[in-house]
Amino acid sequence: MSTNIYTNYCFRDSHDIIIIEPGKCSGKPCIWGMRIAVYDILEYLAGGMTEAEIMKDFSELTSADIKACLAFAADREKKLFVASL
């Protein structure tokens, strides 16, 4: 497991793909080396774009980048706590 120097977020493979830097993308999680926020990729997917369509629009993106966005979102969702009333 590796850790990016900019964030506490750990990735379970050899690449640190998702980072959080205070001065980049307004501090939102984004793809390393790019100014593409995780939220943007998730929004494109939710809107019906395919992985291939997203990669065509953003030639610098890889399939691994898109999967990392999904993994990041899944990990955050898993950590949500809902208090019972």
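All residue numbers refer to position in the chain's written sequence, counted from 1. Per-residue local features are limited, in this predicted model, to residues with pLDDT of at least 70; the limit for side-chain atom pairs, both in listing and counting, is 80 or more; totals at the level of whole chains, interfaces and linings are taken over all residues. The basis for every side-chain value is the complete set of heavy atoms in the structure, and neither hydrogens nor water enter the calculation.

A. Structural context of the environment of Trp32. You can see Trp32 is positioned in the loop between strand S4 (30-31) and helix H1 (38-46). Only protein chains enter the calculation, and the probe is 1.4 Å; a residue is then buried if its accessible area is under 20% of its type maximum, exposed if over 50%, and partly exposed in between. Classification of Trp32 by relative accessible area gives exposed; the value is 52%. For the pair Trp32 and Ile20, spaced 12 residues apart in the sequence, the C-alpha separation amounts to 8.7 Å. Secondary structure elements are taken from DSSP: a helix is a run of H or I of four residues or more, a strand is a run of E of two residues or more, and numbering for both begins at the N terminus.

B. Examining the nonpolar core more closely. Core analysis: the biggest nonpolar cluster contains 13 residues, and Ile18, Ile31, Ile36, Ile41, Leu61 and Cys69 have the highest contact counts within it. Looking at this core, the elements with two or more residues in it are H1 and helix H3 (63-79). When residues of this core are assigned to their parent elements, the largest contribution, four residues, is made by H3. For the purposes of this section, nonpolar cores are sets of buried Ala, Val, Leu, Ile, Met, Phe, Trp, Tyr and Cys residues that join through side-chain atoms within 4.5 Å.

C. Representation of the confidence of the model for the chain. Summary statistics for the chain give a mean pLDDT of 82 and a share of 78% for residues scoring 70 or more. Note: pLDDT gives the predictor's confidence per residue, expressed from 0 to 100. In what follows, residue pairs with any heavy atoms lying within 4.5 Å of each other are defined as contacts. Considering only residues more than four positions removed or in separate chains, one finds that residues 1-14, a stretch of pLDDT under 50, has 30 contacts.

D. How the structure looks around the state of the cysteines. Note on terminology: pairs of cysteine sulfur atoms within 2.5 Å are recorded as disulfides. As enumerated under the stated definition, the model contains zero disulfides in all. Its sulfur unpaired, Cys30 is 3.9 Å from the next cysteine sulfur, which belongs to Cys25.

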